[in-house]
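Per-entry structural report
Residue-level listing of the chains:
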Amino acid sequence: MTTSSDLIAQLERLGGQFAAAIAPLVDEQSIRAAQAQFLGKKGQVSEVMKELGRLPPAERPLVGQAANKVKDTIAQAVEERLQALITAKRQADLARTLDVTLPARPVGGGHLHLLTQVRLELVEIFAELGFSVAEGPQVETDWHTFEALAIPKDHPARDMQDTFYIADEIVLRTHTSPVQIRTMQAHPPPIRIVAPGVVYRRDDDATHSPMFTQIEGLVVDEGVRVSDLKGVLLHFVNRFYARLGGGLDVRLRPSYFPFVEPGVEIDMSCGFCRGSGCRLCKGTGWIEIGGAGMVDPDVFAHVGIDSERYTGFAFGMGIERMAMLRHGVNDIKFYYEGDLRFLDQF
Ligand code: FA5
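First, a word on what this report is: a plain description of the structure on this page. (Residues numbered from 1 in each chain as written. Predicted model: local features only at pLDDT ≥ 70, side-chain atom pairs only at ≥ 80, totals over all residues. Heavy atoms only, no water.)

Regarding the sheet that holds strand E3 (residues 165-167)
Just so we agree on the cut-off: A pair of strands is labelled paired if DSSP reports no fewer than 2 bridges between them. Strands here mean DSSP runs of E at least two residues long; helices mean DSSP runs of H or I at least four residues long; both are numbered from the N terminus. Lines fitted to the C-alpha atoms define the axes, with helices restricted to the stretch that makes contact. Angles between their N-to-C directions range from 0 to 180 degrees.
A sheet is described by the order of its strands in space; here three strands give the open sequence E2-E4-E3, paired in antiparallel fashion. Where the open sheet ends on each side, the last strands, each with one partner, are strand E2 (139-141) and E3. Averaged over all adjacent pairs, the angle separating strand axes in this sheet is 35 degrees, with direction ignored. For E2 and strand E4 (residues 170-172), the ladder comprises three bridges, and the chain directions are antiparallel. Within the sheet, the bridge partner assigned to Val139 lies in E4 and is Leu172.

Concerning the site of the ligand
Convention followed: Here a residue is near a molecule or strand as soon as one of its heavy atoms is found within 4 Å of it. Polar contact is the term for a pair of N or O atoms within 3.5 Å; when the atoms are in protein, one must be able to donate a hydrogen and the other to accept it, and sequence-neighboring residues count only if both atoms are side-chain atoms. Per-residue and other accessible areas follow the Shrake-Rupley method at a 1.4 Å probe size, with only the shown protein chains counted as cover for residues. With a 1 Å grid spanning the protein atoms alone, the term cavity applies to any set of points in which a 1.4 Å probe fits but cannot get out, the term pocket to an open set with protein on both sides within 12 Å along at least five of seven lines, and the term lining residue to any residue with an atom within 4 Å of a point. Each molecule is checked against the cavity or pocket grid, and it sits inside if more than half of its atoms lie within 2 Å of the grid points. The classification used treats Ala, Val, Leu, Ile, Met, Phe, Trp, Tyr, Cys and Pro as nonpolar, Asp, Glu, Lys and Arg as charged, and all other residues, Gly among them, as polar.
Taken together, 24 residues are adjacent to the ligand, and His175, Ser177, Arg201, Asp203 and Ser209 come closest. In the environment of the ligand, a nitrogen atom lies 2.9 Å from a nitrogen or oxygen atom belonging to the side chain of Ser177. A distance of 2.8 Å separates an oxygen atom of the ligand from a polar side-chain atom of Arg201. Against a free-state accessible area of 680 Å², the protein chains account for coverage of 93% of the ligand. Applying the majority rule of atoms within 2 Å of the grid points places the ligand in the largest pocket. Among the secondary structure elements, those contributing two or more residues to the shell around the ligand are strand E6 (211-221), strand E9 (286-295) and strand E10 (311-318). By residue number, the principal contributor to the shell around the ligand is E10, which donates four residues. Split into classes, the residues belonging to the shell around the ligand amount to eight nonpolar, twelve polar and four charged.

Considering the layout of surface pockets
Quick note on the threshold: Grid points are joined across faces, edges and corners, and a volume is the space filled by probe spheres set on the points.
In this structure, the largest pocket spans a volume of roughly 730 Å³. Surrounding the largest pocket, 33 residues form its lining, Arg201, Gln214, Glu288, Gly290 and Gly318 being those nearest its centre. Taken together, the elements giving at least two residues each to the lining of the largest pocket come down to E6, strand E8 (260-269), E9, E10 and helix H10 (319-327). Looking at the lining of the largest pocket, its residues break down into 13 nonpolar, 13 polar and seven charged. Counted as a void, the second largest pocket has a volume near 400 Å³. Arg279, Leu280, Lys282, Arg321 and Leu325 are the residues nearest the centre of the second largest pocket, which is lined by 18 residues in total. Among the elements of the structure, strand E7 (250-255), E9 and H10 are those that each provide at least two residues to the lining of the second largest pocket. Of the residues contributing to the lining of the second largest pocket, the split by class is seven nonpolar, four polar and seven charged.

Keep in mind these numbers describe shape, not what the thing actually does.
Printed below as a string of structure tokens:
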């Protein structure tokens with residue numbers, strides 16, 4: 001005959017059996033199925049409970065308590081097993097995606113823009129000759145940009161630099177030459193500066209941009225001569241275009257800028273074809289790289305420097321153009337588009 005202790009023992013065994021049954025299961029669905037096998041209407045616990053009716057009424061509550069206990073045990077085992085599965089899955093995910101012991105993936109480090117690299121290099125080259133760096137505002141007065149450089153309002157030279165006006169007397173500077181004026185106003189000679197910076201003109205084609213950069217040079221002292229200008233430029237082209245193999249020459253070709261007298265265009269001998277004629281020098285053997293000249297006494301008068309005592313030279317070159325030549329860039333727009341396929345080459 002079935003006794004209450006038999007039933008209680010059976011129920012307690014079911015708790016242990018259930019734990020063993022779900023231990024190898026790895027998904028919620030099969031765990032729930034196992035739970036139903038034990039606790040469902042036709043489950044093993046129900047089977048045991050069917051025997052309850054055969055017991056004397058006084059013993060039934062004890063078995064009932066044992067049955068409740070095994071139900072709790074099973075529910076708890078289900079919870080724990082499901083939780084363990086979730087934790088294991090998380091750990092597996094983490095292990096797949098994050099191994100903190102691996103060496104870090106190289107992060108593509110940025111680098112300076114080609115124009116910035118070139119600007120810094122230019123400053124370094126001129127520093128070797130004792131030049132220091134001067135700066136001036138990009139939004140500049142008409143007076144510093146034109147008047148003080150001997151380009152009065154009605155002067156045809158204004159047409160050479162199509163200008164963005166901010167107000168009647170305020171412009172976006174069209175060249176770095178106003179820095180000459182600001183420097184001479186602020187410092188007595190001797191002066192030996194370069195002024196790299198952004199300038200603006202109403203210009204737009206493959207070699208001209210509305211915004212571009214120039215580097216200005218200014219030397220003022222007693223006894224400064226054209227030969228000093230040429231010596232500085234010779235040093236500069238042979239340093240900056242060193243990869244062309246050295247021996248580059250400089251030619252000063254008469255030209256006109258109102259603020260210098262005499263004024264010249266600076267040509268360097270074409271190191272690309274060595275004079276035999278190529279696309280870059282248009283078959284002439286010479287490449288124009290900027291303008292220069294001896295500071296006009298009128299300019300000295302505007303800034304209160306005694307032109308009987310002092311002489312000086314100035315030059316101005318386009319940085320984009322110099323870098324285009326050296327690096328074979330054939331459209332000025334590439335500099336400003338921010339396309340990594342271009343930028344990463346330098
Ligand atoms: C000048 O701007 C004079 N201030 C240079 C100068 C300084 C002469 C000191 C004498 C003494 P120019 O307008 O030629 O000169 O410009 C100089 C250089 O700037 C040109 O050789 C060219 O390389 C570059 N440049 C001019 N316009 C543009 C443009 N729109 N885009 C890119 N580069 C330009």
